[in-house]
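In case you want the letters, here they are:
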Amino acid sequence: SSPDSEGGTPELEKAGLLNKTKIAEGGRKLRKNWSPSWVVLVGNSLVFFKDPKSQTPASWRPGNSRPESSVDLRGAKLHWANELSSKKNVFKLRTVTGNEFLLQSETDSLIKEWFITIQSVIDRLDRE
Ligand code: I3P
């Protein structure tokens, strides 16, 4: 692992624009409300920013921008979930606390990359 993974600033794995909706909170179903979100995968967390237009890959850094919410990927589960939406390219992320999110992109290659990258972080945390 690189020096940054040993403490201090966590590693930025990936950042980009995805469509997002939360569908459950603590196991309780929520009404869908799709919106574009600037998504940042950093360290063990997936961090969501509300205003994609004002974001850059550096925006997650402390002090630069306030995240809308953050998801701890330890113990999380990822599944393709096209049956849960009329949209294409949808996957579901479920946290250990029972929060569930759908993430989506119109671009096949982009959503596949996100799936693989998030799954690799989950797998790494499972091995720790
Ligand atoms: C929902 C909205 C969502 C849709 C959802 C609808 O209606 O159209 O975009 O999800 O479908 O209920 P509303 O705006 O009135 O809440 P998808 O785009 O993912 O299909 P669903 O209820 O079948 O999940």
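Refer to the structure presented above.
Residues numbered from 1 in each chain as written. Predicted model: local features only at pLDDT ≥ 70, side-chain atom pairs only at ≥ 80, totals over all residues. Heavy atoms only, no water.

**Student:** Would you explain the site of the ligand in this entry?
**Tutor:** Inspection of the region around the ligand gives Arg31, Lys32, Trp34, Ser85, Ser86 and Lys87 as its neighbouring residues. One nitrogen or oxygen atom from the side chain of Ser85 is found 2.5 Å from an oxygen atom belonging to the ligand. Its free accessible area being 510 Å², the ligand has 45% of it covered by the protein chains. Of the residues that constitute the shell around the ligand, the class distribution is one nonpolar, two polar and three charged. (Near = heavy atom within 4 Å. Polar contact = N/O pair within 3.5 Å; in protein donor to acceptor, adjacent residues only side chain to side chain. Areas by Shrake-Rupley, 256 points an atom, 1.4 Å probe, with all protein chains shown as cover. Nonpolar A, V, L, I, M, F, W, Y, C, P; charged D, E, K, R; others polar.)

**Student:** Just checking my understanding: could you explain the nonpolar core for this structure?
**Tutor:** It is characteristic of soluble globular proteins that their nonpolar side chains tend to be buried jointly. The biggest cluster of nonpolar side chains holds 20 residues, and the ones touching the most others in it are Leu46, Leu73, Phe91, Leu93, Trp114 and Ile118. Listed by contribution, the elements that provide at least two residues to this core are β3 (35–42), β4 (45–49), β7 (90–94), β8 (100–104) and α1 (108–127). Of the residues forming this core, the biggest block, seven residues, is contributed by α1. Excluding its chain neighbours within four sequence positions, the residues that come into contact with Leu93 are Leu46, Val71, Leu73, Ala76, Lys77, Leu78, Asn99, Glu100, Phe101, Ile118 and Ile122. Core analysis: the second largest hydrophobic core is formed by five residues, Trp38, Val40, Val42 and Phe49 among them. (Core = buried A, V, L, I, M, F, W, Y, C linked by side-chain atoms within 4.5 Å. Buried < 20%, exposed > 50% of the residue type's maximum accessible area, 1.4 Å probe, protein only. Helix = DSSP H or I, 4+ residues; strand = E, 2+ residues; numbered from the N terminus. Contact = heavy atoms within 4.5 Å.)

Shape descriptors only; they carry no functional weight alone.
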